[in-house]
Amino acid sequence: GGRIRELGRRQIAPSKIMTPKAFANALAVDMALGCSTNTTLHLAAIAHEARVPFDLNQINVISQKTPHLCSLSPGGAHHIEDLDRAGGIQAVLKELFKGGHIDGTCMTVTGRTVADNIAEARIKDPEVIRSKESAYHAAGGLAVLYGNLAPGGCVVKQTAVRAEML
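Let us look at the structure shown here.

Basis of the calculations
Every chain's residues receive numbers from 1 upward, in the order its sequence appears when written. Side-chain atom pairs in this predicted model are given and counted only at pLDDT of 80 or more, local residue features only at pLDDT of at least 70, and totals for whole chains, interfaces and linings cover all residues. For the side-chain quantities, the full set of heavy atoms in the structure was used; hydrogens and water were omitted. For the purposes of this entry, the term helix denotes a DSSP run of H or I that reaches at least four residues, the term strand denotes a run of E that reaches at least two, and both are numbered from the N terminus. All radius of gyration figures rest on C-alpha atoms, and the globule criterion is 2.2 Å times the number of residues raised to 0.38. Note on classification: 1.4 Å probe, protein chains only; a residue is buried when its accessible area is under 20% of the maximum for its type, exposed when over 50%, partly exposed between these limits. Only the protein chains shown count as covering a residue, and every accessible area follows the Shrake-Rupley method with a 1.4 Å probe. Charge counting follows a simple rule: Lys and Arg are positive, Asp and Glu are negative, and His as well as the terminal groups are ignored. One atom stands in for each charge, and that atom is NZ of Lys, CZ of Arg, CG of Asp or CD of Glu. For this analysis, a nonpolar core means a set of buried residues of the types Ala, Val, Leu, Ile, Met, Phe, Trp, Tyr and Cys, connected via side-chain atoms within 4.5 Å. For this analysis, a ring pair means two rings from Phe, Tyr or Trp (six-membered ring only for Trp) whose centres lie within 6.5 Å, classed as stacked if their planes differ by under 30 degrees, edge-to-face if by over 60, and tilted for the remaining angles. A ring is considered to have a charge above it if a Lys NZ or an Arg CZ atom is located within 6 Å of its centre and within 35 degrees of its normal. We call two residues contacting when some pair of their heavy atoms lies within 4.5 Å. We treat two strands as partners when DSSP finds at least two bridges between them. Expected helix span is taken as 1.5 Å per residue step, with the number of steps being one fewer than the number of residues. What the arc measures is the spread of directions leading from the helix axis to the C-beta atoms. What qualifies as a polar contact is a pair of N or O atoms within 3.5 Å, subject to a donor-acceptor requirement within protein and to the restriction that residues adjacent in sequence count only when both atoms come from side chains. Here, a salt bridge means any Lys or Arg side-chain nitrogen found within 4 Å of an Asp or Glu carboxyl oxygen.

1. Details of the overall build of the chain
For step 1, the next point in the chain: Along the backbone of the chain there are 8 helices and 2 strands.
For step 2, the next point in the chain: Listing every helix and strand of the chain by position from the N terminus yields α-α-α-α-α-α-α-α-β-β.
For step 3, the next point in the chain: Computed over C-alpha atoms, the radius of gyration of the chain comes to 17 Å, within 12% of the 15 Å expected from 2.2 N^0.38 for 166 residues, which places it in the range of a compact globule.
For step 4, the next point in the chain: The dimensions of the chain, computed from C-alpha atoms along their principal axes, are 55 × 40 × 25 Å.
For step 5, the next point in the chain: Residues classed as buried in the chain amount to 39% of the 166 residues present.
For step 6, the next point in the chain: Just so you have it, the chain exposes about 9,700 Å², and 56% of that area is on carbon and sulfur atoms.
For step 7, the next point in the chain: Within the chain, one finds 18 positive and 15 negative side-chain charges whose respective centroids are separated by 6 Å.

2. Here's the deal with the nonpolar core
For step 1, the next point in the chain: Counting 33 residues, the largest nonpolar core has Cys70, Val92, Leu96 and Ile129 as the members making the most contacts within it.
For step 2, the next point in the chain: Secondary structure elements with two or more residues in this core: helix 3 (20-33), helix 4 (37-50), helix 5 (57-65), helix 7 (88-98), helix 8 (114-118) and strand 1 (142-147).

3. Thoughts on the packing of aromatic side chains
For step 1, the next point in the chain: For the structure on display, the rule yields 0 aromatic pairs.
For step 2, the next point in the chain: The ring of Tyr136 is capped by Arg130, whose NZ or CZ atom sits 3.6 Å from the centre of that ring.

4. Some thoughts on the side chain of Ser71
For step 1, the next point in the chain: Counting through the fold element by element, Ser71 comes out in the loop between helix 5 and helix 6 (80-85).
For step 2, the next point in the chain: Sequence-distant contacts of Ser71, that is, excluding residues within four places in its chain, are made with Gly76, Ala77, His78 and Tyr136.

5. Section: the pairing of strand 2 (residues 150-157)
For step 1, the next point in the chain: Here 5 bridges tie strand 1 to strand 2, and the two strands are oriented antiparallel to one another. Bridging across to strand 2, Leu145 finds its partner in Cys154.

6. Things to note about helix 4
For step 1, the next point in the chain: Taking 1.5 Å of rise per residue, 14 residues should cover 20 Å, and helix 4 covers 20 Å from first to last C-alpha, within 8% of that figure.
For step 2, the next point in the chain: Inspection of helix 4 places Thr39, Thr40, Leu43 and Ala47 among the buried residues, and these make up the whole buried set. Projection of helix 4 onto a plane perpendicular to its axis shows the buried side chains occupying an angular sector of 100°, all on one side. Exposed side of helix 4, more than 90 degrees from the buried face: Leu41, His42, His48 and Glu49 are the residues found there.
For step 3, the next point in the chain: Considering only its buried residues, helix 4 is in contact with helix 3, helix 5, strand 1 and strand 2.
For step 4, the next point in the chain: Taking the backbone nitrogen of Asn38 as reference, a side-chain oxygen 3.1 Å away marks Ser36 as the first, capping residue of helix 4.
For step 5, the next point in the chain: The positive-phi residue at the C-terminal boundary of helix 4 is Arg51, with phi of around 60°.

7. Brief notes about the environment of Ala28
For step 1, the next point in the chain: The residue Ala28 is located in helix 3 in this model.
For step 2, the next point in the chain: You can call Ala28 buried: its relative accessible area is 1%.
For step 3, the next point in the chain: Separated by 34 residues in sequence, Ala28 and Ile62 have C-alpha atoms that sit 6.3 Å apart.

8. Some points on the pattern of salt bridges
Should their charged atoms come close, side chains of opposite charge can pair.
For step 1, the next point in the chain: All told, the structure shown has 5 salt bridges when counted by the stated rule.
For step 2, the next point in the chain: Residues Glu6 and Arg9 are paired through a salt bridge, measuring 2.7 Å at the closest nitrogen-oxygen approach. One end of the pair, Glu6, and the other, Arg9, are both in helix 1 (residues 2-9), 3 residues apart, so they sit about a helical turn from each other.
For step 3, the next point in the chain: Classification of Arg9 as exposed rests on a relative accessible area of 59%.
For step 4, the next point in the chain: When the shortest N-O distance is used, the salt bridge between Arg85 and Asp125 registers 3.0 Å.

Remember, this is a structural readout, not a statement about activity or role.
Written out as structure tokens, the structure is:
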């Protein structure tokens, strides 16, 4: 409640935080964390409510250029506690920012920009949060497929598909 009052006092409305660039940042973080098809459902719903355009094609664009930095359970060896201990989402954001995958100018609910929020972040365990150079995959794991069975598009987690099926 206090944070909401402070944002109101500073005239930082949700529309200043939930921007197309912020949604692109959210997709990039999801790609870095190993992806969840549920992200697509949730971000599309939030974007709809916020009246922010959300095109499924941006998933392919962001996935193709964003490295997969963390391998979290259930598909990976590490857990959310490990991610927190290794520097958390702030460290993931900073690694993505260094690689040009995150827009640091986006306003956050802290009343500061993403770049301001991650200035002091660091990777404390490179086995849990990898650098771009040692990423699990050079690209994220989601793809939107189109065809006669899904003319409006469907989402697949590429890393969960056997290589011969791709």
